[in-house]
Amino acid sequence: MRTLIVLRHAKAAQPDGLADRERPLTDRGERDARRAGEELRAAGLGPDVVLCSPALRTRRTAELAFPGADISYERDIYEAYPDELLELVRRCDPDARTVVLCGHNPGVHELAMGLAGGDYVFRPGAFAVIRVGTPWEELTPGEGRLVTHWDPKER
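These lines cover the structure that appears in this document, whether it is placed above or below. Keep in mind that what you see is a predicted model, and the values were worked out from it rather than measured. (Residues numbered from 1 in each chain as written. Predicted model: local features only at pLDDT ≥ 70, side-chain atom pairs only at ≥ 80, totals over all residues. Heavy atoms only, no water.)

**A word on the overall build of the protein chain**
Link 1 in the chain: Each helix and strand counted, the protein chain has 4 helices and 6 strands in total.
Link 2 in the chain: Expected size for 155 residues packed as a compact globule is a radius of gyration near 15 Å; at 14 Å, the protein chain falls within 12% of this value.
Link 3 in the chain: Burial status across the protein chain gives 46% buried among its 155 residues.
Link 4 in the chain: Pairs at least 24 apart in sequence give 69% of the contacts found in the protein chain among residues at least 6 apart.
Link 5 in the chain: Here the protein chain has roughly 7500 Å² of accessible surface; of this, 44% comes from carbon and sulfur atoms.
Link 6 in the chain: Computing the positive centroid from 22 side-chain charges and the negative centroid from 26, the protein chain places the two 5 Å apart. (Helix = DSSP H or I, 4+ residues; strand = E, 2+ residues; numbered from the N terminus. Rg over C-alpha atoms; globule rule 2.2 N^0.38 Å. Buried < 20%, exposed > 50% of the residue type's maximum accessible area, 1.4 Å probe, protein only. Contact = heavy atoms within 4.5 Å. Areas by Shrake-Rupley, 256 points an atom, 1.4 Å probe, with all protein chains shown as cover. Lys, Arg positive; Asp, Glu negative; His and termini not counted. Charge placed at Lys NZ, Arg CZ, Asp CG, Glu CD.)

**Describing the nonpolar core**
Link 1 in the chain: Counting residues in each nonpolar core, the largest one holds 25 residues, and the members touching the most others are Val6, Leu51, Val99 and Trp136.
Link 2 in the chain: Mapped onto this core, the elements with two or more residues apiece are strand 1 (2–8), strand 2 (49–52), helix 3 (82–90), strand 4 (98–103), helix 4 (107–116) and strand 5 (127–132).
Link 3 in the chain: Other than its neighbours up to four places away in sequence, tryptophan 136 contacts Arg2, Thr3, Leu4, Val89, Arg90, Cys92, Asp93, Pro94, Ala96, Arg97 and Val99.
Link 4 in the chain: By size, the runner-up hydrophobic cluster in this structure holds 16 residues, among which are Leu45, Val50, Ala65 and Phe127. (Core = buried A, V, L, I, M, F, W, Y, C linked by side-chain atoms within 4.5 Å.)

**What about the pairing of strand 1?**
Link 1 in the chain: The element strand 1 is largely enclosed, with a buried count of 7 among its 7 residues.
Link 2 in the chain: With 6 bridges joining them, strand 1 and strand 5 adopt antiparallel strand pairing. Directly across from isoleucine 5, in strand 5, lies its bridge partner valine 129.
Link 3 in the chain: With 6 bridges joining them, strand 1 and strand 4 adopt parallel strand pairing. Looking at strand 4, one finds that arginine 8 is bridged to glycine 103. (Pairing = 2+ DSSP bridges.)

Put into structure tokens, the structure is as follows:
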């Protein structure tokens, strides 16, 4: 079995005059990103691969959630559709057991729903843990099983 963790960036500020890609996390976003990582570590889920959008808010979310992890910044995650995100996952190292994809809505939520279904919102800082039985390169919609969903506002 393989595990895909789909993580939405934590709460970001919206300062005037700042480009969207340069939006920082708020104080709450920083706390929520750390909490997301703590929740995943408590569940025994450490990433082999972290794929992350290059936007500041996603980079900071991944750094706080997975300190010391080797993070691959993928420009194609920014503003990506779910099928484009799925293609990035398909290109992961076949030996990777746990992959994190840290990105933006609506793409990350639609990816999680397409792979494993479920009925939940995907607020900033939320993640879905999805188990799959197929190799990454063969992953298709509907093949996953939602193990858990975590929302920082519900905890």
